Amino acid sequence: MITISTLSYAVLVSFIILVLLTIWISIDASRYQHKEKKKERLVRENRQRCYDYFIEGQIVSKHVGTSTLERQAIVQILESYIMYVKDAAILKRIYTYMNRYYGAFYKKMLKSKNSVERINALYYILDFQIVDALPLVERRLRKGRLSTKERLESLKIIAQLEEEKIYSFFEQYREQLTEKECFTIANQLEDDTIYDIVNSEHEDEIWLLAALQVMYKRQLMYGQVAVHQLLEHPNENVQQAALHMLMITGTNLPLQQFEHYFYAEQPYKRYVFTNLMTYYDIQDTYFYLLTLIQDQDFIVRQAAVQTVSTYANSERIFEHMLEDMQDTYAIEAIEAFRNGGIIDGTMV
Amino acid sequence: MTVNELLHIEEFMKIYRFLQEQTIRQRTKMTIVGIRATSNTSYAQLKTMILQTARSSNLYFELSFDTIGVLLYDSTAKEAQYYLKRLKEAEEQVTWNAVICELRQNVEQFSVLQEEITAQFKREEIPFSIVESHRFLQSALLKQKVSVIEANAVTRQMLTQAISHIDLPNVALEVRSFEDGELFLSSDWYQSEQAHIVIVNAKLPRKNGIQIVSDLREMPNQRKFKIFLISSLPAPEDQIAAYAIGVDVYVVRPFHLAVLIAQIKQQIMRGLR
């Protein structure tokens with residue numbers, strides 16, 4: 001049975017623990033702040049030297065940090081550089097420096113038992129292109145047993161630094177990767193590799209789809225022939241991605257070949273069809289656009305207004321359309337667009 | 001509009017002073033041509049021919065008792081050469097000599113200019129000979145302000161330093177950096193008349209890049225600003241929106257630092273022309 005004195009004793013102990021915990025937290029916080037301030041000072045002190053060496057390319061002022069904190073400060077400076085600058089000469093200096101002086105450190109970090117450290121090591125290996133760490137990254141991928149995050153970062157590293165090997169690793173893990181992860185990995189590849197995957201109509205549909213999505217994101221224009229062929233692909237997702245690509249590359253096929261999209265139930269197909277109209281003359285597209293501008297889906301309506309606006313004589317086309325229809329929403333959308341305003345809540 | 005008579009020097013001086021001010025303020029240039037008849041042509045013949053071929057965009061005046069002056073506004077010596085070529089082709093029996101004087105700086109005393117033109121006329125008379133004076137070609141020093149508004153201290157220092165290293169003849173760069181938009185707009189640094197290049201990150205604490213661009217474009221003398229917006233968003237719609245609010249150059253990061261510096265140089269050079 002718990003007596004009052006036992007209870008007070010427990011409260012007292014809890015109180016003491018709480019006080020100690022508070023003291024420990026505040027000491028730890030102040031230690032952290034002190035460390036951050038020191039690092040900030042080191043960043044300030046090293047900024048000029050780093051600028052001279054990495055940005056200006058002055059060999060005389062190359063500098064390797066003497067303490068862990070100073071090395072962290074230098075890394076922080078270099079992270080800022082690679083976030084903003086992509087001059088080949090500057091990047092080469094940064095990557096060479098990081099490989100030479102930090103490669104061993106990140107390899108050691110990647111072997112750590114602490115998962116946060118391992119993830120951070122992978123981030124640095126990718127950002128600073130630490131080629132020396134590649135064999136270790138590959139070994140870990142082959143062994144498996146990686147967390148989702150580690151797996152993704154490792155695959156990104158291979159895609160970035162060893163393109164020719166990426167597909168074999170991708171194959172190993174493809175079942176465990178989400179569509180977004182596949183895209184992220186493919187997004188590390190060079191433009192030429194993306195073209196190769198699309199032009200060869202890669203047999204792996206997931207890989208092909210990821211490449212098409214990257215192509216769309218980067219607005220790569222020279223894949224028109226392959227993209228047209230992919231419109232007939234048995235995989236619906238690949239077809240859809242190819243169709244999206246056509247909005248960028250344009251098409252020289254007769255409009256009638258795409259007419260089934262105009263009648264499609266799915267709004268995205270009508271949306272793509274609306275965007276494709278920009279590649280045809282208004283004489284051929286007027287009646288399609290007149291219908292699409294009154295579509296039940298506002299995204300399609302908005303796209304139709306935008307498409308009309310791309311024609312040189314858009315004002316006259318709008319006038320004509322206003323005479324030919326009664327749909328209040330469509331009339332409002334056109335008027336809003338002509339006043340430089342808003343269509344269905346979206347800024348024009 | 002036809003030109004019937006030459007302006008008297010007193011009348012011309014009033015307009016000249018006004019145009020001089022404009023030349024300095026707008027950093028433009030003007031050229032004055034002195035034309036003198038050779039011995040087989042009379043002053044009256046020359047005057048008639050010049051007035052007959054006159055254009056309303058130029059000013060025709062009595063430079064001295066025997067010399068007719070033509071002021072070509074916003075024109076260089078090269079354009080004056082073309083003008084004289086047309087003049088020669090108009091009537092080849094009327095012969096003359098000419099002196100071209102391009103002005104890129106403030107010549108307050110018109111008499112200095114008169115003396116320079118008179119001194120440049122050659123003693124021996126070769127019909128249609130043209131001499132160019134380079135005495136007033138040197139432009140006034142261009143004071144160019146550059147502001148870097150960037151929250152990341154490392155990037156701020158990198159940009160500031162790289163821009164400070166721009167070395168252009170006849171340009172005095174004044175570069176300052178700010179941590180955020182609020183600091184920039186609360187300073188009086190941006191309020192002067194001087195040409196001003198603003199390099200601003202779209203993402204900033206307190207007041208973001210887009211807000212700064214809007215605020216600057218609402219100023220009455222907003223034309224002096226050339227605004228570079230640094231953004232991580234490459235999508236065409238983001239760029240179009242930025243240009244719509246008045247951005248001059250949209251820079252997607254990561255960018256080529258060397259290219260950015262070349263673009264800034266080009267903006268400064270435009271101010272020099």
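Residues numbered from 1 in each chain as written. Chains lettered and ligands numbered in written order. Predicted model: local features only at pLDDT ≥ 70, side-chain atom pairs only at ≥ 80, totals over all residues. Heavy atoms only, no water.

(A) Representation of the overall build of chain A within the structure. A count of helical and extended segments in chain A gives 18 helices and two strands. Its C-alpha atoms give chain A a radius of gyration of 29 Å, clearly above 20 Å, the size a compact globule of 348 residues would have. Along the longest, intermediate and shortest principal axes, the C-alpha atoms of chain A span 85 × 65 × 45 Å. Each of the 348 residues in chain A was classed as buried or not, and the buried ones make up 45%. For chain A, long-range pairs separated by at least 24 residues make up 62% of all intrachain contacts whose partners lie at least 6 apart in sequence. Per element, the accessible surface of chain A, about 19,400 Å² overall, is 54% carbon and sulfur. For chain A, the centre of its 38 positive side-chain charges and the centre of its 46 negative side-chain charges are spaced 18 Å apart. (Helix = DSSP H or I, 4+ residues; strand = E, 2+ residues; numbered from the N terminus. Rg over C-alpha atoms; globule rule 2.2 N^0.38 Å. Buried < 20%, exposed > 50% of the residue type's maximum accessible area, 1.4 Å probe, protein only. Contact = heavy atoms within 4.5 Å. Areas by Shrake-Rupley, 256 points an atom, 1.4 Å probe, with all protein chains shown as cover. Lys, Arg positive; Asp, Glu negative; His and termini not counted. Charge placed at Lys NZ, Arg CZ, Asp CG, Glu CD.)

(B) Local environment of the pairing of strand β5 (residues 130–133) of chain B. Residue and element names in this part refer to chain B. Of the two faces of β5, only the one carrying V131 and S133 is buried; I130 and E132 on the other face are not. In terms of strand pairing, strand β4 (residues 96–103) meets β5 through four bridges, oriented parallel. When the sheet's bridge partners are listed, I100 is paired in β5 with E132. Where the polypeptide runs from β4 across helix α4 (residues 110–120) and back to β5, its parallel neighbour, the crossover connection is left-handed. (Pairing = 2+ DSSP bridges. Right-handed = clockwise from strand over helix to strand, strands pointing away.)

(C) Structural view of the interface of chain A and chain B. Every contact between the two is made by 18 residues of chain A and, on the other side, 19 residues of chain B. Taking both sides of the interface into account, the surface hidden between chain A and chain B amounts to around 1,600 Å²; carbon and sulfur atoms contribute 59%. At the boundary of chain A with chain B, the tally comes to zero salt bridges. Linking chain A with chain B are twelve residue pairs in polar contact (both at pLDDT 80 or more), by the criterion used here. Residues that form the side of chain A that touches chain B fall into these classes: ten nonpolar, three polar and five charged. (Buried area = accessible area lost by both parts, 1.4 Å probe. Salt bridge = Lys/Arg side-chain N within 4 Å of Asp/Glu carboxyl O. Polar contact = N/O pair within 3.5 Å; in protein donor to acceptor, adjacent residues only side chain to side chain. Nonpolar A, V, L, I, M, F, W, Y, C, P; charged D, E, K, R; others polar.)

(D) Quick peek at the confidence of the model for chain A. Per-residue confidence for chain A gives a mean pLDDT of 86; residues scoring 70 or more make up 95%. Strand β2 (residues 346–347) of chain A is the least confidently modelled element of chain A, averaging 40 in pLDDT, while helix α4 (residues 115–127) of chain A averages 93, the highest of any element. (pLDDT = per-residue confidence, 0-100.)

(E) The arrangement of the pairing of strand β2 (residues 58–64) of chain B in detail. Residues and elements named next belong to chain B. When you tally the buried positions in β2, you get five out of seven residues, the bulk of the element. Bridge analysis of β2 against strand β3 (residues 67–73) gives six bridges, and the strand direction is antiparallel. The residue bridging F61 from the neighbouring strand is G69, located in β3. Linking two consecutive strands that pair antiparallel, namely β2 and β3, is a turn of two residues.

(F) Region of interest: the side chain of T155 of chain B. With respect to the helices and strands, the residue T155 of chain B is situated in helix α5 (residues 153–164). With residues up to four places along the chain from it excluded, the contact list for T155 of chain B reads S80 and Y84 of chain A together with E150 of chain B.

(G) Representation of the packing of aromatic side chains within the structure. Tallying each qualifying case throughout the model produces 28 aromatic pairs over all chains. Both rings, one in F258 of chain A and one in Y261 of chain A, keep their centres 6.4 Å apart while their planes meet at 25°; by these two values the pair is stacked. Its relative accessible area of 7% is what places Y261 of chain A among the buried residues. An aromatic cluster is defined as three or more aromatic residues linked by ring pairs; in this entry it consists of Y53, F54, Y97, Y101, Y102, F105, Y106, Y124 and F128 of chain A. Stacked on the ring of W189 of chain B, the Lys or Arg K145 of chain B has its end atom at 4.3 Å from the ring centre. (Phe/Tyr/Trp six-rings, centres within 6.5 Å; stacked < 30°, edge-to-face > 60°. Lys NZ or Arg CZ within 6 Å of the ring centre and 35° of its normal.)

(H) View of helix α18 (residues 328–338) of chain A. Residue and element names in this part refer to chain A. Turning to α18, its buried residues are A330, A333, I334, A336 and F337. The buried side chains of α18 occupy one side of the element, clustering within an arc of 165° when seen end-on. The exposed residues of α18 that point more than 90 degrees off its buried face are T328 and E332. Where α18 starts, the residue carrying a side-chain oxygen 3.0 Å from the main-chain nitrogen of Y329 turns out to be D327. (Arc of directions from axis to C-beta.)

(I) Spotlight on the sheet that holds β5 of chain B. Residues and elements named next belong to chain B. Strand order in the open sheet formed by five strands is β2-β3-β1-β4-β5, with mixed pairing between adjacent strands. Here the strands that pair on one side only, and so sit at the sheet edges, are β2 and β5. The sheet shows a mean angle of 20° between the axes of neighbouring strands, direction not considered. (Axes fitted to C-alpha atoms, helices over the stretch in contact; angles between N-to-C directions.)

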